[in-house]
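Read off the chains here:
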Amino acid sequence: MVIVHTTPRSWTGPVVLILVATVGLCGLVYITTVAVLSLVQVAATTAAAIKAAVPTLIGGGGLITLAVKVPKKPSK
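First things first, this report covers the structure right here in the doc. (Residues numbered from 1 in each chain as written. Predicted model: local features only at pLDDT ≥ 70, side-chain atom pairs only at ≥ 80, totals over all residues. Heavy atoms only, no water.)

Looking only at helices and strands, one finds one helix and zero strands in the chain. In the chain, buried positions account for 0% of the 76 residues. Split by element, the accessible area of the chain, about 7700 Å² in all, is 74% carbon and sulfur. (Helix = DSSP H or I, 4+ residues; strand = E, 2+ residues; numbered from the N terminus. Buried < 20%, exposed > 50% of the residue type's maximum accessible area, 1.4 Å probe, protein only. Areas by Shrake-Rupley, 256 points an atom, 1.4 Å probe, with all protein chains shown as cover.)

Structure follows, in structure tokens:
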């Protein structure tokens, strides 16, 4: 009869792998959040600039009014 003793399993590799994956995923979420918030800030700044520039571009800077011209009735 032969008795074979195996070495105990080391959990260092799987634990380190799980920690690295978790840190990587958290980093990816952080970078994505920062990128999205930066894009939203740029969009808000651009929208404010366009809102301020539209009256000047249209000409005047006052209120924009529309006039409807009604045709005159033919005289008899």
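Together, Trp11, Val15 and Leu19 make up an exposed nonpolar region whose accessible area comes to about 340 Å². Within the secondary structure, Leu19 sits in helix H1 (residues 12-58). (Patch = residues over 30% accessible without salt bridge, like charges linked within 9 Å, V, L, I, M, F, W, Y side chains within 5 Å. Salt bridge = Lys/Arg side-chain N within 4 Å of Asp/Glu carboxyl O.)

Tallied over the entire structure, the rule returns zero aromatic pairs. Sitting above the plane of the Trp11 ring, Arg9 keeps its charged end 5.0 Å from the centroid. (Phe/Tyr/Trp six-rings, centres within 6.5 Å; stacked < 30°, edge-to-face > 60°. Lys NZ or Arg CZ within 6 Å of the ring centre and 35° of its normal.)

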